[in-house]
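# Summary of the model geometry
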Amino acid sequence: MSEIRAEKVWHNGELIDWDDARIHVVSHSVHYGTAWFEGIRCYKTSRGSEVFRLPEHIRRLYDSCRIYRTEIPYSREAFQEAALQTIRANNLEACYIRPIVLRGLGAIGVSPRPTKVESYIMVWEWGKYLGEEALEKGVKVCTSSWNRAAPNTFPTIAKAAGNYLNSVLVKMEAEVRGYDEGIALDAHGLISEGSGENLFLVRDNVIYTSQLVHAILPGITRDSVLTLAAELGYTVKEQALPREMLYLCDEIFFTGTACEITPIRSVDDRPVGAGVRGPVTEALQEAFFEIVEGRVPDRHRWLTPVR
Ligand code: PMP
């Protein structure tokens, strides 16, 4: 991964220098995880730089804040434009966009209501999350000993900083045990998702993925893959999935802004199918990349031009 750095950061409507994008240690979010964020990719397409599903990501940011009674003092359209402005200010072509809304200074009690709402947008150059090779060869994963949060504890529809304590446990455990990533089960032991990715399973050409009630983040790549899979004529089932399905599938893959569509070659040291990327995964990758690279027209209007 290249160094995370750029020239300018957007803060509450102004562009500031990267090194000035600091918060005070007494900020509410530092103590209680009260921040909501997004991860968005800007692709270099054949037409120029374009952001993938920007309105959907900004909508999810507003939804996350809404769950936590946090009002962002800008319209969604203005926030989208701010993201584009930040990319232009940093002269980037392909990049990762990280908007974050956090509860700042004003109180150190548990209620964030007296604290200031601070909005930031960072952008930086970023490569493939699970490595360049992962897209073709696939990654090695384990089921985690950590489960995702039970219903009505930490809302997983919100992309809240605090939720990532669970992801941190899943990811670190996987790394320490020699895997690339971990798959967490929900509180009932049913398949949920990776530490930062949604999960798809394929058996007999039918595609399966967990429903929102299984403590998943409603991924925007997941949504895109559901659309592409239907277009390619696959049967897709959103349903409860028992853990042992992981050992019986022909193919499994992760989806996410960072990992895009990444095949899984083994789960708990058992090869998935033939232990290599399968044809359904490859077909979906091709359908996805031909759109984000601008090799075909943007028929779903998923891309927003930067300039
Ligand atoms: N689940 C979790 C926990 C995540 O952090 C992410 C990444 N945002 C995803 C799923 C995938 O979501 P998206 O496709 O919107 O990036």
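Residues numbered from 1 in each chain as written. Predicted model: local features only at pLDDT ≥ 70, side-chain atom pairs only at ≥ 80, totals over all residues. Heavy atoms only, no water.

### So, the overall build of the protein chain
What counts here: A run of H or I in DSSP counts as a helix once it spans at least four residues, and a run of E counts as a strand once it spans at least two, with each numbered from the N terminus. For every residue, the accessible area obtained with a 1.4 Å probe (protein chains only) is divided by the maximum for its type, and the residue is called buried under 20%, exposed over 50%, and partly exposed between those limits. A contact between two residues is defined here by any heavy atoms of the two lying within 4.5 Å. For every accessible area listed, the method is Shrake-Rupley and the probe measures 1.4 Å; residues are considered covered only by the protein chains on display.
Helix and strand counts for the protein chain come out as 7 helices and 17 strands. C-alpha atoms of the protein chain, sized along the principal axes, occupy 55 × 45 × 30 Å. Split into buried and exposed, the 307 residues of the protein chain put 52% on the buried side. For the protein chain, the proportion of contacts with a sequence separation of at least 24, taken over those separated by at least 6, is 70%. Counting every atom, the protein chain has about 14200 Å² of accessible surface; 51% of that belongs to carbon and sulfur.

### Here's the deal with the site of the ligand
The condition is simple: A single heavy atom is enough: if one lies within 4 Å of a molecule or strand, its residue is considered near that molecule or strand. Amino acids outside the nonpolar list (Ala, Val, Leu, Ile, Met, Phe, Trp, Tyr, Cys, Pro) and the charged list (Asp, Glu, Lys, Arg) are all regarded as polar, and Gly is one of them.
Residues in contact with the ligand amount to 16 residues; listed here are only the nearest, Tyr-164, Glu-193, Ile-220, Thr-221 and Thr-257. Those elements that provide at least two residues to the shell around the ligand are α2 (54–67), α6 (220–231) and β14 (251–256). For the shell around the ligand, a count of residues per class yields 3 nonpolar, 9 polar and 4 charged.

### Topic: unusual backbone geometry
One non-glycine residue with positive phi stands out, namely Asn-12, at about 45°. On the accessibility criterion, Asn-12 (24% relative accessible area) is partly exposed. Of note, the phi angle at Arg-301 is positive, near 55°, even though the residue is not glycine. Its location among the elements puts Arg-301 in the loop between α7 (279–292) and β17 (303–305).

### Overview of the packing of aromatic side chains
The relation between two aromatic rings is expressed through the spacing of the ring centres and the mutual angle of the planes. Just so we agree on the cut-off: Aromatic rings from Phe, Tyr and Trp, taking only the six-membered ring of Trp, are treated as a pair when their centres fall within 6.5 Å; an angle between ring planes under 30 degrees marks them as stacked, one over 60 as edge-to-face, and anything in between as tilted.
Under the counting rule described, the total for this entry stands at 13 aromatic pairs. Centre to centre, the rings of Tyr-43 and Phe-52 are 6.4 Å apart; their planes meet at 90°, and the pair counts as edge-to-face. Note on Phe-52: relative accessible area 5%, which makes it buried. On the numbers, 5.1 Å between centres and 5° between planes, the contact of Phe-200 with Phe-253 is stacked.

### Focus: the state of the cysteines
Threshold: For this text, the term disulfide refers to a pair of cysteine sulfurs within 2.5 Å.
Taken as a whole and assessed by the stated rule, the structure comprises 0 disulfides. Its sulfur unpaired, Cys-95 is 4.4 Å from the next cysteine sulfur, which belongs to Cys-42. The thiol of Cys-142 is not disulfide-bonded; the next cysteine sulfur, from Cys-259, is found 16 Å away.

### Concerning a nonpolar patch on the surface
The line we're drawing: Here the term patch refers to residues with relative accessible area over 30% and no salt bridge, with like charges joined within 9 Å and nonpolar side chains (Val, Leu, Ile, Met, Phe, Trp, Tyr) within 5 Å. Here a salt bridge means any side-chain nitrogen of Lys or Arg lying within 4 Å of a carboxyl oxygen belonging to Asp or Glu.
On the surface, a nonpolar cluster with roughly 700 Å² of combined accessible area is contributed by Ile-23, Val-25, Val-26, Val-30, Tyr-32, Leu-105, Ile-108 and Val-110. Here Leu-105 lies in the loop between β6 (95–103) and β7 (117–124). With a relative accessible area of 42%, Leu-105 lands in the partly exposed category.

Any functional reading would require information beyond the geometric quantities listed.
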